[in-house]
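Here is how the chains run, residue by residue.
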Amino acid sequence: MTAIRFELLKTEKHTGARRGRLHTPHGVIETPIFMPVGTLATVKTLSPEELKEIGAQIILSNTYHLWLRPGHDIVKEAGGLHKFMNWDRPILTDSGGFQVFSLSDLRKITEEGVQFRNHLSGEKLFLSPEKAIEIENDLGADIIMAFDECPPYPADRQYLKDSLERTTRWAKRCIAAHQRPDEQALFGIIQGGMDKELRRQSAEELLELDFPGYAVGGLSVGEPKEIMNEVLEFTTPLMPKNKPRYLMGVGSPDDLFEGVIRGIDMFDCVLPTRIARNGTCMTSVGKVVVRNATYARDFGPLDPNCDCYTCKNYSRAYIRHLIKCDEVFGIRLTSIHNVHFLVTMMENIRKAIDEDRLLEYKHAFYESYGYNM
Ligand SMILES: NCc1cc(CSc2ccccc2)c2nc(N)[nH]c(=O)c2c1
Ligand SMILES: [Zn+2]
């Protein structure tokens, strides 16, 4: 019995989009899915009850951050991340490699792992495949990610090749170190930068290891969207049809559509809560920067076509006032709306796949959001 079971329910008639159902120890996830990120064991400012009200099925947390604060030993003593943060639905944790590269300077990669400085205290730390898996086992997430290197963009071909081959060797060490494969599903992460042949090599090497699910890493790292979509178009067909496909750290509404159309099942992004903090909202009529003076006397809802708690009860003028005064309640209201917006968009994408009308839905969405086609 492995920790998860993925049902491929159907493939959309006109695209590579799929409808799936992912069974995990903490519940079932309908795919395609958008997963809110709760780096420090909280989706910033939102309670578990609010996340459930919004319709969040799974949330993400972060090995690197929780290792530093409060320490994975404390989370383990609390009974694991689900108990610690009072979230009884599925959780996924990243392995920490990416965060080391994006948060810490003075880092050194060796075959053993990565040496770096704690971005808070400056102390020297070392993260290896074994250490990352030890932390993820202690945190107890339903899906855990292998320890990988997300190469910088751009990077030369030889670096990309050496890096992906080391990531494969690290993946093998993760499998060997994993203590509870029947309770926590370990996903491999395909790398290879923007080079299609290296993407193929990484996929082939990792498929040999027979992970229960696979992620596409190393994208949305500064490359043009056309290149990301081209690499994705090439890579997803190399991935098993009967296993979940997760595109890491993506993305904005158009990236979600383009990824779903190319066969991705799972997405995560800090965007909705990050932009909420400066008063930027994604709405059915495009981006609304609610802190702008334009909305000072706008007593309508943030989004006229939204039924979230924020849009049912508060006006743009009131939310603008709170954000301008740095009132936490303002950030809570914009966060509730933004997370609800992406979760609901994915619900509508799932329905559109069921009815083989995904491209029609995409065009209608792009039209009203203001994306150029
Ligand atoms: N889109 C860039 C990106 C983002 C993340 C972070 S995704 C995340 C963030 C917080 C919590 C859970 C997952 C990545 N993580 C790993 N392990 N490898 C990557 O190549 C990579 C690329
Ligand atoms: Zn709303």
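Basis of the calculations
- Residues numbered from 1 in each chain as written.
- Chains lettered and ligands numbered in written order.
- Predicted model: local features only at pLDDT ≥ 70, side-chain atom pairs only at ≥ 80, totals over all residues.
- Heavy atoms only, no water.
- Helix = DSSP H or I, 4+ residues; strand = E, 2+ residues; numbered from the N terminus.
- Rg over C-alpha atoms; globule rule 2.2 N^0.38 Å.
- Buried < 20%, exposed > 50% of the residue type's maximum accessible area, 1.4 Å probe, protein only.
- Areas by Shrake-Rupley, 256 points an atom, 1.4 Å probe, with all protein chains shown as cover.
- Lys, Arg positive; Asp, Glu negative; His and termini not counted.
- Charge placed at Lys NZ, Arg CZ, Asp CG, Glu CD.
- Domains from an automatic or database assignment.
- Contact = heavy atoms within 4.5 Å.
- Buried area = accessible area lost by both parts, 1.4 Å probe.
- UniProt positions renumbered as here; feature names shortened; annotations may be inferred.
- Phe/Tyr/Trp six-rings, centres within 6.5 Å; stacked < 30°, edge-to-face > 60°.
- Donors = N, O, S within 2.8 Å, 3.2 Å for Na, K, Ca; no water.
- Tetrahedral: all angles 85-135°; square planar, octahedral: opposite > 155°, others 65-115°.
- Pairing = 2+ DSSP bridges.

The protein chain goes by Queuine tRNA-ribosyltransferase in an unreviewed UniProt entry, where it is assigned to Tumebacillus algifaecis.

J.: Could you clarify how one ought to interpret the overall build of the protein chain in this entry?
T.: Looking only at helices and strands, the protein chain features 15 helices and 16 strands. Since a compact globule built from 373 residues should have a radius of gyration of about 21 Å, the 20 Å found for the protein chain is in line with a globular shape. With respect to the principal axes defined by its C-alpha atoms, the protein chain has extents near 60 × 50 × 40 Å. Classification of the 373 residues of the protein chain by burial places 57% in the buried group. For the protein chain, the accessible surface area stands at approximately 15,400 Å², while carbon and sulfur atoms represent 51% of it. Side chains of the protein chain give 46 positive and 52 negative charges; the mean places of these two sets differ by 3 Å.

J.: Honestly, the domain arrangement of the protein chain in this entry has me stumped. Any pointers?
T.: One frequent convention defines the size of an interface as the accessible area lost when the parts assemble. By the assigned domains, the protein chain splits into domain 1 (5-268) and domain 2 (270-373). On a C-alpha basis, the centres of domain 1 and domain 2 stand 26 Å from each other. Of the residues lining the interface, 35 residues belong to domain 1; the matching set on domain 2 comes to 31 residues. Where domain 1 abuts domain 2, roughly 2,900 Å² becomes buried across the two surfaces, and 71% of that area is made up of carbon and sulfur atoms. The three residues of domain 1 that bury the most area against domain 2 are Phe34, Ile54 and Phe257, which together make up 24% of that side's buried surface.

J.: Teacher, can you tell me more about the UniProt feature "active site" (unreviewed entry) in the protein chain here?
T.: Using the residue numbers shown here, the UniProt feature "active site" (unreviewed entry) corresponds to Asp94 and Asp268. Spatial clustering of the annotated residues is evident: they stretch over 175 residues in sequence, but the largest pairwise C-alpha distance comes to 10.7 Å. With respect to the helices, strands and loops of the structure, Asp94 is situated in strand β6 (residues 91-94). Classification of Asp94 by relative accessible area gives buried; the value is 11%. Residues in contact with Asp94, not counting those within four places in the same chain, are Ser61, Thr63, Gln99, Glu136, Met145 and Met248. Tracing the chain through its elements places Asp268 in strand β14 (residues 266-269).

J.: Is there a simple way to explain the packing of aromatic side chains in this structure?
T.: Two aromatic rings, taken as a pair, are described by how far apart their centres are and by the angle between their planes. Taken as a whole, this structure holds 16 aromatic pairs when the rule is applied. For the pair Phe257 and Phe365, a centre-to-centre distance of 5.1 Å together with 50° between the ring planes defines the contact as tilted. With Phe257 in helix α10 (residues 253-261) and Phe365 in helix α15 (residues 358-369), this pair connects stretches of sequence that are 108 residues apart. Judged by relative accessible area, which is 8%, Phe365 ranks as buried. Taken together, the ring pairs connect Phe257, Phe341, Tyr361, Phe365, Tyr366, Tyr369 and Tyr371 into an aromatic cluster.

J.: Quick question: what am I supposed to make of unusual backbone geometry here?
T.: Glycine aside, residues mostly have negative phi angles, and peptide bonds mostly take the trans form. A cis geometry characterises the amide bond from Thr31 onward to Pro32, with omega recorded as 5°. Note on placement: Pro32 falls in the loop between β3 (27-31) and β4 (33-36). You will see that Asp210, though not glycine, has its phi angle at about 55°, which is positive. Relative to the helices and strands, Asp210 resides in the loop between α8 (196-207) and β12 (213-216). The backbone of Asp356 shows a phi angle near 55°, a positive value even though the residue is not glycine. Relative to the helices and strands, Asp356 is located in the loop between α14 (328-354) and α15. The class for Asp356 is buried, based on a relative accessible area of 16%.

J.: Honestly, the coordination of the zinc ion (ligand 2) in this entry has me stumped. Any pointers?
T.: The textbook angles at a metal center are 109.5 degrees for a tetrahedron of four donors and 90 or 180 degrees for an octahedron of six. Around the zinc ion (ligand 2), the donor atoms from the protein are Cys306 (SG), Cys308 (SG), Cys311 (SG) and His337 (ND1), and they sit 2.1 to 2.3 Å away. Each of the 4 donor atoms around the zinc ion (ligand 2) contributes to a set of angles spanning 103 to 117°, which defines the coordination as tetrahedral. Here the donor residues of the zinc ion (ligand 2) share one chain and are spaced in sequence as C-x1-C-x2-C-x25-H. In this structure Cys308 comes out as buried when scored by relative accessible area, which is 2%. Look at Cys311 and you get buried, because its relative accessible area is 9%.

J.: Could you clarify how one ought to interpret the pairing of β6 in this entry?
T.: Residues in a regular strand project their side chains so that they alternate between the two faces of the sheet. Neither face of β6 is left uncovered, since the one carrying Ile91 and Thr93 and the one carrying Leu92 and Asp94 both have all their residues buried. Direction of pairing for strand β5 (residues 59-62) relative to β6: parallel, over a ladder of 4 bridges. Within β6, the residue paired with Leu60 across the bridge is Leu92. Of the strand pairs in this sheet, β6 and strand β10 (residues 143-145) are connected by 2 bridges, and their pairing is parallel. For Thr93, the partnering residue across the bridge sits in β10 and is Ile144.

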